Amino acid sequence: GEDVEQSLFLSVREGDSSVINCTYTDSSSTYLYWYKQEPGAGLQLLTYIFSNMDMKQDQRLTVLLNKKDKHLSLRIADTQTGDSAIYFCAESSNQGGKLIFGQGTELSVKP
Amino acid sequence: EADIYQTPRYLVIGTGKKITLECSQTMGHDKMYWYQQDPGMELHLIHYSYGVNSTEKGDLSSESTVSRIRTEHFPLTLESARPSHTSQYLCASGQVQPQHFGDGTRLSIL
């Protein structure tokens, strides 16, 4: 079945760039998402990308998609302590359909 | 800002009680979802609905049930709570793109 994999932890220093990686197995994935979850809260949609795009940039966030390798990354420029959270990669193969989530990457930003 | 609400935010209750977790959205979305999130962080889909009177079981087997009598409302019920039901439950909705999440209900069964 479909699977989404992420590394569990990432630690960076404030002001550095963070790169969170994700791989997926479903070749029919149409939409790929990045969500942020702060402690005790629900999931906040950060950005998403269609499978026919290679890159999407939104302020400090850059999403790169390598469809051939089924690899998705989220780059956060000038990482701040407020960016400390768990970041989930997710994919779906139809519009508004079921999401398959990765395990989440816990980002720790040190001052 | 997405308008999807879950109540209660936290619930601690004894074994054997009947529980209903509420989820409401004001965006008119047809599609609604319930996810279970264990302390290890992974989210698993337990129920979904594509519209009024439509409910389906998700990828993770759950003893809970859901109903969808109105578009904006998608409650989840546990008839007899057990400690194994302790988890966080997240509700989401979406139309075309993407899924918006509520803040979750953190459920603890004693």
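Structure: see above.
From a predicted model like this one, the values you see are computed outputs, not experimental measurements.

Caption draft 1: Local environment of the overall build of chain B. Broken down by element type, chain B carries zero helices and eleven strands. The linear arrangement of helices and strands in chain B, starting from the amino end, is β-β-β-β-β-β-β-β-β-β-β. On the principal axes, the C-alpha backbone points of chain B span a range of 40 × 25 × 25 Å. Within chain B, the fraction of its 110 residues that count as buried is 48%. Partitioning the contacts of chain B with sequence separation of at least 6, the portion at a separation of at least 24 is 53%.

Caption draft 2: Broad picture of a negative patch on the surface. Taken together, Asp 3 and Glu 5 of chain A together with Asp 38 and Glu 42 of chain B make up a surface patch of like negative charges. Relative to the helices and strands, Asp 38 of chain B resides in the loop between strand 4 (31-37) and strand 5 (43-51). Asp 38 of chain B gets classed as partly exposed once you look at its relative accessible area, which sits at 33%.

Caption draft 3: Summary view of the environment of Val 66 of chain B. Residue and element names in this part refer to chain B. Along the polypeptide, Val 66 turns up in strand 7 (residues 65-66). Among the residues examined, Val 66 registers a relative accessible area of 17% and is labelled buried. Each C-alpha atom of the pair Val 66 and Leu 45 lies 13 Å from the other, and the pair is 21 residues apart in sequence. Once you skip the residues sitting within four places of it in the chain, Val 66 turns out to touch Trp 34, His 47, Thr 55, Phe 74, Pro 75 and Leu 76.

Caption draft 4: A look at the state of the cysteines. Tallying each qualifying case throughout the model produces two disulfides over all chains. A disulfide bridge connects Cys 22 of chain A with Cys 89 of chain A, and the sulfur atoms are separated by 2.0 Å. On the sign convention where negative means left-handed, the S-S torsion of about -65° between Cys 22 of chain A and Cys 89 of chain A marks this disulfide as left-handed. Highlighted residues: Cys 22 of chain A in strand 3 (residues 18-24) and Cys 89 of chain A in strand 9 (residues 85-92), separated in sequence by 67 residues. Accessibility classification places Cys 22 of chain A together with Cys 89 of chain A in one group, the buried group. Each sulfur of the disulfide joining Cys 23 of chain B and Cys 91 of chain B lies 1.9 Å from the other. Around the S-S axis, the bridge from Cys 23 of chain B to Cys 91 of chain B shows a dihedral of about -75° and counts as left-handed. On the criterion of sequence distance, the pair formed by Cys 23 of chain B in strand 3 (residues 19-25) and Cys 91 of chain B in strand 9 (residues 87-94) is long-range, its members being 68 residues apart. The class for Cys 91 of chain B is buried, based on a relative accessible area of 0%.

Caption draft 5: Seen up close, the sheet that holds strand 7 (residues 61-66) of chain A. Residue and element names in this part refer to chain A. One open sheet accounts for five strands, arranged 1-3-8-7-6; its pairing is antiparallel. In this open sheet, the two edge strands, each paired with only one partner strand, are strand 1 (4-6) and strand 6 (55-58). Each strand axis lies, on average, 15° off the axis of its neighbour in the sheet, ignoring direction. One ladder, built from six bridges, connects strand 3 with strand 8 (residues 71-76); its direction is antiparallel. Looking at strand 8, one finds that Ser 18 is bridged to Ile 76.

Each value, and the rule that gives it
- Residues numbered from 1 in each chain as written.
- Chains lettered and ligands numbered in written order.
- Predicted model: local features only at pLDDT ≥ 70, side-chain atom pairs only at ≥ 80, totals over all residues.
- Heavy atoms only, no water.
- Helix = DSSP H or I, 4+ residues; strand = E, 2+ residues; numbered from the N terminus.
- Buried < 20%, exposed > 50% of the residue type's maximum accessible area, 1.4 Å probe, protein only.
- Contact = heavy atoms within 4.5 Å.
- Patch = residues over 30% accessible without salt bridge, like charges linked within 9 Å, V, L, I, M, F, W, Y side chains within 5 Å.
- Areas by Shrake-Rupley, 256 points an atom, 1.4 Å probe, with all protein chains shown as cover.
- Salt bridge = Lys/Arg side-chain N within 4 Å of Asp/Glu carboxyl O.
- Lys, Arg positive; Asp, Glu negative; His and termini not counted.
- Charge placed at Lys NZ, Arg CZ, Asp CG, Glu CD.
- Disulfide = S-S within 2.5 Å.
- Pairing = 2+ DSSP bridges.
- Axes fitted to C-alpha atoms, helices over the stretch in contact; angles between N-to-C directions.

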